[in-house]
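Listed below, chain by chain, are the residues.
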Amino acid sequence: MGSVKDYFSSLGHGVSSLIKGMQVTGKEFITPKITERYPENRETHHYPERFRACLELIYDADGNHKCIACGTCERNCPNGTIQVITKMVDTWDGKKKKKLDRYVYDLGSCTFCQLCATSCPTNALTFSNDFEQAVFTRSKLVKQLNYLPEKPEPEPTEEEKARILADREAKIAAAKAAAAAKAAAAKTADSTAGTPANAQTPAADSTTENK
């Protein structure tokens, strides 16, 4: 008899718990919804301006960016999220210039600290508000930020070339003149230092003897 009594007692407790749970469920079922209607409201939803979702290179209307491939962002990144790959190009005057080849960014390891954007000397980086970055494979989180083709180095006009060459020649001439003046001053100082301080002493002694 005891086992039967325990059975019906536990059954009563179970039914009582079920009724309490159904009461909570029924109450929430008729409560007005206050959740966001995402993704239906994707076009009208307001995102905070300071929200950091994904690093981007800033392009202007002509498809140019300000990155000079200095590598400051790569050095300041605390966990190696950024890799700046550079290349050397020839300029019109025969010199070599370093330019950006590929800007690789790993979103999967980014801590969104924004040290890269704040330390950039040309303000070439920013964080977007596009938080929909979910993918099925981790390799797709590695992005190349300079997605537009890199433009060739612009060649100056003939007037600009003449002005640049004239300025270069003027700087070279000024440097040569400064070096020559420095050498002449050093030679004069050496000759002055080699002259005896008591060169007139014998004349003074002969005057004393005459007296």
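Remember, it's a predicted structure, so these values are computed and weren't measured experimentally.

About the thresholds
Residues numbered from 1 in each chain as written. Predicted model: local features only at pLDDT ≥ 70, side-chain atom pairs only at ≥ 80, totals over all residues. Heavy atoms only, no water. Pairing = 2+ DSSP bridges. Helix = DSSP H or I, 4+ residues; strand = E, 2+ residues; numbered from the N terminus. Core = buried A, V, L, I, M, F, W, Y, C linked by side-chain atoms within 4.5 Å. Buried < 20%, exposed > 50% of the residue type's maximum accessible area, 1.4 Å probe, protein only. Contact = heavy atoms within 4.5 Å. Axes fitted to C-alpha atoms, helices over the stretch in contact; angles between N-to-C directions. Salt bridge = Lys/Arg side-chain N within 4 Å of Asp/Glu carboxyl O. Polar contact = N/O pair within 3.5 Å; in protein donor to acceptor, adjacent residues only side chain to side chain. pLDDT = per-residue confidence, 0-100. Phe/Tyr/Trp six-rings, centres within 6.5 Å; stacked < 30°, edge-to-face > 60°.

(A) Representation of the pairing of strand 2 (residues 82-90) in the model. Pairing analysis gives nine bridges linking strand 2 to strand 3 (residues 96-106), with the strands arranged antiparallel. Paired with Q83 across the strands is V104, a residue of strand 3. Between strand 2 and strand 3, which follow one another and run antiparallel, lie five residues, and G94 among them has a positive phi close to 85 degrees.

(B) Geometry of the nonpolar core. The biggest cluster of nonpolar side chains holds 22 residues, and the ones touching the most others in it are L55, L57, I82, Y103, Y105 and L125. Secondary structure elements with two or more residues in this core: strand 1 (54-57), strand 2, strand 3, helix 3 (115-119) and strand 4 (125-128). Among all residues touching L55, those that are not within four sequence positions of it are I82, Y103, Y105, C116, L125, T126, F127 and L145.

(C) Examining the sheet that holds strand 5 (residues 142-144) more closely. Taken in spatial order, the three strands line up as 2-3-5 in an open sheet, and their pairing is antiparallel. On the outer flanks of this sheet lie strand 2 and strand 5, each paired with one strand and no other. When strand polarity is set aside, the average angle formed by the axes of neighbouring strands in this sheet is 30 degrees.

(D) Focus on the pattern of salt bridges. Scanning all chains against the criterion turns up two salt bridges. Between D90 and K96 there is a salt bridge, with the nearest N and O atoms lying 2.6 Å from each other. The residues D90 and K96 share a single accessibility class, namely exposed. R163 is paired through a salt bridge with D167; the nearest N and O atoms lie 3.9 Å apart. Placement of both R163 and D167 in helix 4 (residues 158-194) is noted, with a separation of four residues, approximately one turn of the helix. Taking the relative accessible area as the measure of exposure, R163 reaches 48% and is therefore partly exposed.

(E) Summary view of the environment of L125. By the secondary structure assignment, L125 is in strand 4. Judged by relative accessible area, which is 7%, L125 ranks as buried. Considered as a pair, L125 and I58 are 67 residues apart in the sequence and their alpha carbons are 5.8 Å apart. Setting aside residues up to four positions removed in sequence, L125 forms contacts with L55, E56, L57, I58, C73, Y103, C116, A117 and C120.

(F) Structural view of the side chain of N146. Looking at where N146 falls in the secondary structure, it is placed in the loop between strand 5 and helix 4. The exposure class assigned to N146 is buried, which follows from its relative accessible area of 3%. Within polar-contact distance, the side chain of N146 engages the backbone nitrogen of Y103 at 2.9 Å. Reaching out from N146, the side chain makes a polar contact with the side chain of Q144 at a distance of 3.3 Å.

(G) View of the confidence of the model for the protein. Across the protein, the average pLDDT comes to 83, with 89% of residues at or above 70. Across the protein, the element-wise mean pLDDT spans from 49 in helix 5 (residues 201-210) up to 95 in strand 5.

(H) Focus on the packing of aromatic side chains. Here the structure, examined in full by the defined rule, presents three aromatic pairs. Taken together, a centroid distance of 5.1 Å and an interplanar angle of 50 degrees make the contact between Y59 and Y147 tilted. Here the residue Y59 occupies a position in the loop between strand 1 and helix 2 (72-76), and Y147 occupies one in the loop between strand 5 and helix 4, the gap between them amounting to 88 residues. Classification of Y59 as buried rests on a relative accessible area of 18%.

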